[in-house]
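# Examination of the molecular architecture
This is what each chain is made of:
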Amino acid sequence: MATVRLLSDDEVAANPAAKAVFDDIRATRKSDFVNNFWRGLANDPVLLKRTWEEVKAVMVGEGALDPLTRELIYIAVSTANSCQYCVHSHTAAARAKGMDDAQYGELLAIIGLAGKTNHLVTAMQIPADPEFLVTG
């Protein structure tokens, strides 16, 4: 159960600052759908705007990583952070950006392997090889 109210479109429309962000979300995503994350953040229009601007800059803006790769990374980090909502949201986004079942299976294998080896190296307290450390 959410700890904040999920604002309806009518409630958002009553707040010009929140409405402006929702309008931008819809325009950027080319969809009328605004998901519950944004509806919860709409209770604080300043936080809503700040978060949307950052998400838009990192996930939508120009960059060295293609949009699907960004979504795959988001899924992996969301899995590591146990964020069920974000795993679902970004898996849907990755599928919309072209992720197929084979890519998803490979992603799951990588997430599982990284989790296992991360735990093993942490348990053994293996120091990083000097060749792996950035110098200069």
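Residues numbered from 1 in each chain as written. Predicted model: local features only at pLDDT ≥ 70, side-chain atom pairs only at ≥ 80, totals over all residues. Heavy atoms only, no water.

- Under an unreviewed UniProt entry, the chain has the name Carboxymuconolactone decarboxylase family protein and belongs to Labrys neptuniae.

### Observations regarding the layout of surface pockets
- Approximately 690 Å³ is the volume attributed to the largest pocket.
- Lining the largest pocket are 29 residues, with R29, E71, H90, A93 and K97 positioned closest to its centre.
- Counting residues per element, the ones that place at least two in the lining of the largest pocket are α2 (16–29), α3 (36–41), α4 (45–60), α5 (67–80) and α6 (84–96).
- Top contributing element to the lining of the largest pocket by residue count: α6, with eight residues.
- Residues that form the lining of the largest pocket fall into these classes: 15 nonpolar, nine polar and five charged. (1 Å grid on protein atoms, 1.4 Å probe; cavity = no way out; pocket = protein on both sides within 12 Å on 5 of 7 lines; lining within 4 Å. Points joined across faces, edges and corners; volume = space filled by probe spheres on them. Helix = DSSP H or I, 4+ residues; strand = E, 2+ residues; numbered from the N terminus. Nonpolar A, V, L, I, M, F, W, Y, C, P; charged D, E, K, R; others polar.)

### Considerations on unusual backbone geometry
- Even without being a glycine, S82 presents a positive backbone phi close to 55°.
- With respect to the helices and strands, S82 occurs in the loop between α5 and α6.
- A positive phi is found at Q125, a non-glycine position, where the angle reads about 55°.
- With respect to the helices, strands and loops of the structure, Q125 is situated in the segment after α7 (101–124).

### Let's talk about the UniProt feature "domain: Carboxymuconolactone decarboxylase-like" (unreviewed entry) in the chain
- Here the UniProt feature "domain: Carboxymuconolactone decarboxylase-like" (unreviewed entry) sits at residues 49–126.
- With 81% helix and 0% strand, the stretch residues 49–126 has end C-alpha atoms that lie 42 Å from each other. (UniProt positions renumbered as here; feature names shortened; annotations may be inferred.)

### Details of the side chain of N35
- For N35, the position within the fold is in the loop between α2 and α3.
- A distance of 3.0 Å separates polar atoms of two side chains, one belonging to N35 and the other to R29.
- With residues near it in sequence (within four places) discarded, N35 still touches R29, Y85 and S89. (Polar contact = N/O pair within 3.5 Å; in protein donor to acceptor, adjacent residues only side chain to side chain. Contact = heavy atoms within 4.5 Å.)

### Considerations on the pattern of salt bridges
- Going through the model one piece at a time under the given rule, you end up with seven salt bridges.
- The network of salt bridges with shared partners includes D9, R26 and R39. (Salt bridge = Lys/Arg side-chain N within 4 Å of Asp/Glu carboxyl O.)

### Thoughts on the nonpolar core
- Judged by nonpolar contacts, L7, V12, A18, V21, F22, I25, V34, W38, L41, A42, L48 and W52 together constitute the single largest core of 12 residues.
- Secondary-structure elements contributing two or more residues to this core are α2, α3 and α4.
- With four residues, the single largest contributor to this core is α2.
- Sequence-distant contacts of F22, that is, excluding residues within four places in its chain, are made with D9, V12, V34, W38, R39, A42 and L48.
- Of all hydrophobic cores here, the second largest spans six residues; its members include L68, I75, L107 and I111. (Core = buried A, V, L, I, M, F, W, Y, C linked by side-chain atoms within 4.5 Å. Buried < 20%, exposed > 50% of the residue type's maximum accessible area, 1.4 Å probe, protein only.)

### Here we look at α2
- Over its 14 residues, α2 runs 20 Å from end to end, which matches the ideal 20 Å to within 8%, given 1.5 Å per residue.
- Among the residues of α2, A18, V21, F22, I25 and R26 are the ones counted as buried. Down the axis, α2 shows its buried residues gathered within 135° of arc, on one side only. Facing away from the buried surface of α2 by more than 90 degrees, the exposed residues are P16 and A27.
- Where α2 begins, one side-chain oxygen reaches toward the backbone nitrogen of A17, 3.0 Å away; that side chain belongs to N15.
- Just past α2, the residue K30 takes up positive phi, approximately 55°. (Expected span 1.5 Å × (residues − 1). Arc of directions from axis to C-beta.)

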